[in-house]
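Residues per chain are reported as follows:
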Amino acid sequence: MIIKKPVEARKPDNSKGRSPYWVKGLSPSHGVHEEKALSVFQPDILSAAQFFSTYERKFHLDPERTLLLAVLQDAVICYQENLFATSKKKQSLFIEAEEWISNDDKSYLYAFENVCELLGFESDYLRQGLLRWKEAAFEERIAS
């Protein structure tokens, strides 16, 4: 059985009802708290490097993984952008990307399975996601 105790709010020590750590009415012994309270009103100053660091990648890939990621990204872009292509060149880009993604062969270095494995992606999960995207795109096209 849990016994519940009534909780009472603590009243501040000073008579005006303010927190003793606020700026007005502080005694010299509260210098640290005064500094904390006043720091709220200080401007945020960032150097250009600090500002642009928020847009930089937080993890760094070695050049080989960067290349593998570029290969995978290009295949996904060709797959998605050329799904409903009418020109022969764009249709062939889609067909090549679809064949590469659907191929389970691991015999060559840049196989879809190997690229996903080296980048730490689950190849079947990515493949199923792209197939679901394709089906949804066809359904959306039929509906409109």
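Residues numbered from 1 in each chain as written. Predicted model: local features only at pLDDT ≥ 70, side-chain atom pairs only at ≥ 80, totals over all residues. Heavy atoms only, no water.

A.B. asks: Residue-level account of the nonpolar core, with values.
C.D. replies: Counting 17 residues, the largest nonpolar core has Leu72, Tyr79, Trp100, Ile101, Phe112 and Val115 as the members making the most contacts within it. Contributing elements (two or more residues each) for this core: helix 3 (63-81), helix 4 (88-102), helix 5 (112-119) and helix 6 (123-143). For tyrosine 79, the contacting residues outside a window of four places in its chain are Phe94, Ala97, Glu98, Ile101, Leu130, Leu131, Trp133 and Lys134. (Core = buried A, V, L, I, M, F, W, Y, C linked by side-chain atoms within 4.5 Å. Buried < 20%, exposed > 50% of the residue type's maximum accessible area, 1.4 Å probe, protein only. Helix = DSSP H or I, 4+ residues; strand = E, 2+ residues; numbered from the N terminus. Contact = heavy atoms within 4.5 Å.)

A.B. asks: Account for the side chain of asparagine 114, with residues named and values stated.
C.D. replies: Assignment of secondary structure puts asparagine 114 in helix 5. Asparagine 114 has contacts with Lys106, Tyr108 and Leu109, leaving out every residue within four places of it along the chain.

A.B. asks: Give a description of the environment of aspartate 105 that names residues and reports values.
C.D. replies: Within the secondary structure layout, aspartate 105 lies in the loop between helix 4 and helix 5. The exposure class of aspartate 105 is partly exposed, given its relative accessible area of 32%. Side-chain polar atoms of aspartate 105 contact the side chain of serine 107, separated by 2.7 Å. (Polar contact = N/O pair within 3.5 Å; in protein donor to acceptor, adjacent residues only side chain to side chain.)

A.B. asks: An account of a nonpolar patch on the surface is needed here, citing residue identities and associated values.
C.D. replies: Judged by side-chain polarity, Leu67, Tyr108, Leu109, Tyr110 and Leu118 come together as a nonpolar surface patch covering roughly 460 Å² of accessible area. Position of leucine 67 among the secondary structure elements: in helix 3. (Patch = residues over 30% accessible without salt bridge, like charges linked within 9 Å, V, L, I, M, F, W, Y side chains within 5 Å. Areas by Shrake-Rupley, 256 points an atom, 1.4 Å probe, with all protein chains shown as cover. Salt bridge = Lys/Arg side-chain N within 4 Å of Asp/Glu carboxyl O.)

A.B. asks: Any details on the packing of helix 3 against helix 5? Residues and values, ideally.
C.D. replies: Remark: helix 3 packs on helix 5, axes separated minimally by 10 Å, with the N-to-C direction vectors making an angle of 130°. Compared by their axis directions, helix 3 and helix 5 come out oblique. Note on packing geometry: the crossing formed by helix 3 with helix 5 is left-handed. Contact with helix 3, carried on its side by Arg65, Leu68, Leu69 and Leu72, involves Phe112, Val115, Cys116, Leu118 and Leu119 of helix 5 and no other residues of that element. Here the contact of helix 3 with helix 5 is composed, by residue class, of eight nonpolar, no polar and one charged. (Axes fitted to C-alpha atoms, helices over the stretch in contact; angles between N-to-C directions. Parallel < 35°, antiparallel > 145°, perpendicular 65-115°, else oblique. Left-handed = near helix turned anticlockwise from the far one by under 90°. Nonpolar A, V, L, I, M, F, W, Y, C, P; charged D, E, K, R; others polar.)

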